[in-house]
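# Descriptive structure summary
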Amino acid sequence: MASKVLRFVLGDQLSRSVSSLADIDVARDVVVMAEVAEEATYVRHHPKKIAFLFSAMRHFAQGLRDDGIRVDYQELDSERPARSLTEALARAVATHRPERVVVTEPGEWRLREVMRDWGEELGCPVEVREDDRFLCDHESFRAWAGRGRGTLRMEYFYREMRRRTGFLMRGGEPEGGQWNFDHDNRAPLPKTVKPPKRPTFPPDATTRTVLSLVSKRFADHPGRLEGFEHPVTRADALAYLDWFVEHALPSFGTYQDAMRTGEPLLFHSHLSALINCGLLDPRECCRRAEDAYHSGHAPLNAAEGFIRQIIGWREYVRGIYWLKMPDYADENRLGATRPLPGFFWDGRTRMNCLAQAIGETLDNAYAHHIQRLMVIGNFCLLAGLAPKEVQEWYLLVYHDAYEWVEMPNVVGMILYADGGLLASKPYAASGAYIDRMSDYCADCSYSVKAKTGPDACPFNLLYWDFVARHRKELAGNQRMRMPYATLDRMDPDRIATIRAEAKAFLRSL
Ligand code: FAD
Ligand code: DLZ
Ligand code: SF4
């Protein structure tokens, strides 16, 4: 008779199809899961993120038990909880005496390094399997990057992924005759358009127990725990996906870049945390969007835009992370050193756009992409905030954040700290962009139209200060020709005024 295998399932591996469970022998094997302080506190994760994961983990474990699988689930509120994943696994090995341990590779470098020692430390063979829930494996990404000769643009990767997956392809050509409909996806939200009302998922008994645990144990973590109503089971996640496809997907593309006060979700899917922890499969989400297009329910710019985010951006940033780690974590090509201002932790700033985006982040552990990129991220870039501090903030405040996805978005996309590996130019913008895409400026104590003076929108000052400050690093970039041509036409006294005011503003932070 074959001997027992321990199958270790991490908090973001809650898929029945995860590779560590692929060949499970229900009569023989044991699944191990553990809530541990080290994972919850290596950065001070938002309480809603911890509650979401612990509750999803407990429901997942119960689902396995319901199917007759033995689960050794170690709760954080047990009498003697394990401190780390290594300790939890060591205890399980001592209890169950397996022939070997099987685990799916983790999403973070630090844990991958820890796993390397497990076999020796535990005195038991450990098999680390590839995470095949992603559509592009490490080898394929490396091969693609090798062919790119230095220009690793997402758009080319995305086209290859379209060909490979067949999503929105017709006879070898992209549906609608073009790969990308992004130019149709930049509309501001007209006052008359109301985002649809979302379904909510009130906490059940399991979630309520977790909420009580989190409120006691992680009271000092930033962010609000009250108002938790997120899906935490596979069934609820599928219901949320259904709701998105039916009610929000049709307008997802058109209003993808829009922002409105008091509407944190607009037409976004709000599915990232569910996909990243494994409750939803990225392929099934894309398939649903594709079907909605073929049935005439959603237009092509919506379906293509949504699918691009998932088989394009999501897979691409993961590929970049594993290709460039561990050095990627320390990238800082623009030499940014400013500490994170205090308002990142309470949202209290006179800049209304930041107050809204950070406030919603702290309330909901969520902000949509343009808030993360063009409001908060834009500020981090222009103000020259230290990449390490910015990375940590983004990793701990968002419920969908794991290093593989957070880091390239921060280091490459918002901070241009990798010198343009990921983005062809910095995503830098003055207040005019935020004014065009949101209603934030109307309620701000700064004036977005004022370029200098006490009322001037800080983004206007910081934008030109940034362009002037980084001439050496950026002027050679073809895509920065326009801003440098404009700067060179500006009156030197005016530049001096802008830069002095920008400096005073930065000092005031
Ligand atoms: P939608 O707008 O509905 O998009 C659909 C899906 O596409 C998302 O659920 C997500 O799975 C995927 N997606 C979209 N954009 C990206 C992207 N740039 N990178 C990877 N996947 C993407 N996303 C995370 O999942 N975790 C993070 O930690 C994270 N950190 C970010 C940090 C910064 C600075 C920026 C600019 C973006 C970050 N993103 C991150 C990407 C993106 O903002 C979120 O995926 C998105 O806002 C999640 O909301 P949604 O599910 O409503 O997305
Ligand atoms: C994020 C997180 C948290 C807060 N807690 C746990 C936990 O207690 N147990 C666990 O297995 N996983 C947790 N996670 C997810 C891990 O941090 C994640 O698996 C790694 O970061 C690798 O992606
Ligand atoms: Fe933000 Fe400037 Fe608009 Fe105020 S005026 S909301 S600081 S962009």
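About the cut-offs
Residues numbered from 1 in each chain as written. Chains lettered and ligands numbered in written order. Predicted model: local features only at pLDDT ≥ 70, side-chain atom pairs only at ≥ 80, totals over all residues. Heavy atoms only, no water. Helix = DSSP H or I, 4+ residues; strand = E, 2+ residues; numbered from the N terminus. Rg over C-alpha atoms; globule rule 2.2 N^0.38 Å. Contact = heavy atoms within 4.5 Å. Areas by Shrake-Rupley, 256 points an atom, 1.4 Å probe, with all protein chains shown as cover. Lys, Arg positive; Asp, Glu negative; His and termini not counted. Charge placed at Lys NZ, Arg CZ, Asp CG, Glu CD. Near = heavy atom within 4 Å. Nonpolar A, V, L, I, M, F, W, Y, C, P; charged D, E, K, R; others polar. Phe/Tyr/Trp six-rings, centres within 6.5 Å; stacked < 30°, edge-to-face > 60°. Buried < 20%, exposed > 50% of the residue type's maximum accessible area, 1.4 Å probe, protein only. Arc of directions from axis to C-beta. Axes fitted to C-alpha atoms, helices over the stretch in contact; angles between N-to-C directions. Parallel < 35°, antiparallel > 145°, perpendicular 65-115°, else oblique. Salt bridge = Lys/Arg side-chain N within 4 Å of Asp/Glu carboxyl O. Polar contact = N/O pair within 3.5 Å; in protein donor to acceptor, adjacent residues only side chain to side chain. Core = buried A, V, L, I, M, F, W, Y, C linked by side-chain atoms within 4.5 Å.

## Describing the overall build of the protein
Regarding its fold elements, the protein presents 21 helices and 7 strands. Radius of gyration (C-alpha) of the protein: 24 Å, near the 23 Å computed for a compact globule of 509 residues. In the protein, once contacts between residues fewer than 6 apart in sequence are set aside, the share between residues at least 24 apart is 77%. By element, 50% of the accessible surface of the protein is carried by carbon and sulfur atoms, the whole surface being about 21200 Å². Looking at the protein, you have 67 positive and 70 negative side-chain charges, and the mean spots of the two groups are 4 Å apart.

## Considering the site of ligand 2
Lining the immediate environment of ligand 2, one finds 18 residues, of which G11, D12, A34, V36 and E39 sit closest. When ligand 2 sits alone it has 490 Å² of accessible area, and the protein chains cover 100% of it. If you list the elements that add at least two residues to the shell around ligand 2, you get α1 (37-41), α2 (47-66) and α4 (109-116). At 3 residues, α2 tops the list of elements feeding residues into the shell around ligand 2. Residues belonging to the shell around ligand 2 are distributed by class as follows: 10 nonpolar, 3 polar and 5 charged.

## Side note on the site of ligand 3
Surrounding ligand 3, one finds M351, C353, G431, I434, Y440, C441, C444, Y446, V448, C457 and F459. Considered class by class, the residues forming the shell around ligand 3 number 10 nonpolar, 1 polar and no charged.

## Comments concerning the packing of aromatic side chains
Taken as a whole and assessed by the stated rule, the structure comprises 26 aromatic pairs. Here Y321 and W322 contribute two aromatic rings whose centre-to-centre distance is 5.1 Å and whose plane-to-plane angle is 85°, an arrangement assigned as edge-to-face. Here Y321 and W322 have matching classes, each one buried. Here a set of aromatic residues connected by ring pairs shows up, and it is made of F343, F344, F379, W393, Y394, Y398 and F459.

## Quick look at helix α20 (residues 481-489)
All buried positions along α20 are accounted for by P483, Y484 and L487. The buried side chains of α20 occupy one side of the element, clustering within an arc of 95° when seen end-on. In α20, those exposed residues whose orientation departs by more than 90 degrees from the buried face are R481, M482, D488 and R489.

## Notes on the packing of helix α7 (residues 154-165) against helix α12 (residues 300-324)
Interhelical geometry of α7 versus α12 gives an angle of 110° and a closest axis separation of 9 Å. The angle between α7 and α12 places the two elements in the roughly perpendicular class. Of the residues in α12, those touching α7 at M154, E155, F157, Y158, M161, R162 and T165 are E304, R308, I311, G312, W313, E315 and Y316. For the contact of α7 with α12, the per-class residue count stands at 7 nonpolar, 2 polar and 5 charged.

## Let's talk about the pattern of salt bridges
By the definition in use, this model includes 37 salt bridges. For R116, the salt bridge identified is with E113, shortest N-O distance 3.0 Å. Residue R116 and its partner E113 are both found in helix α4; the two are separated by 3 residues, about one turn of the helix. E113 sits in the partly exposed class, given a relative accessible area of 31%. Where K449 meets D435, a salt bridge forms, and the shortest distance between an N and an O atom there is 3.3 Å. Here D435 lies in helix α17 (residues 431-437) and K449 lies in the loop between α17 and α18 (458-469), a separation of 14 residues in the sequence. The exposed category is assigned to K449, whose relative accessible area is 62%.

## Some points on helix α6 (residues 138-147)
In an α-helix, one turn spans 3.6 residues, which is why side chains three or four residues apart end up on the same side. Taken together, the buried positions of α6 are H138, F141, W144 and A145. Seen along its axis, α6 keeps its buried residues to an arc of 130°; they face one direction. Among the exposed residues of α6, those pointing more than 90 degrees away from its buried face are E139 and G146. In this fold, the buried residues of α6 make contact with α7 and α12. One side-chain oxygen at the N-terminal end of α6 lies 3.2 Å from the backbone nitrogen of E139; it belongs to D137.

## Thoughts on the nonpolar core
In terms of nonpolar packing, the biggest core is built from 167 residues, with L249, L271, Y316, F344, I376 and F379 touching the most fellow members. Ranked by the residues each element gives to this core, the list is headed by α12, at 13 residues. Setting aside residues no more than four positions away along its own chain, Y316 makes contact with F141, W144, L152, R153, M154, F157, L421 and L422. With 20 residues, the next largest nonpolar core counts V32, A82, V103 and L122 among its residues.

## Topic: the packing of α12 against helix α16 (residues 403-414)
Two elements in contact, α12 and α16, have axes separated by 8 Å at closest approach and are oriented at 85°. On the basis of the axis angle, α12 is roughly perpendicular to α16. From α12, W313, R314, V317, R318, I320, Y321 and W322 reach across to α16, where they touch E403, W404, V405, M407, P408, N409 and M413. Of the residues belonging to the contact of α12 with α16, the class tally is 10 nonpolar, 1 polar and 3 charged.

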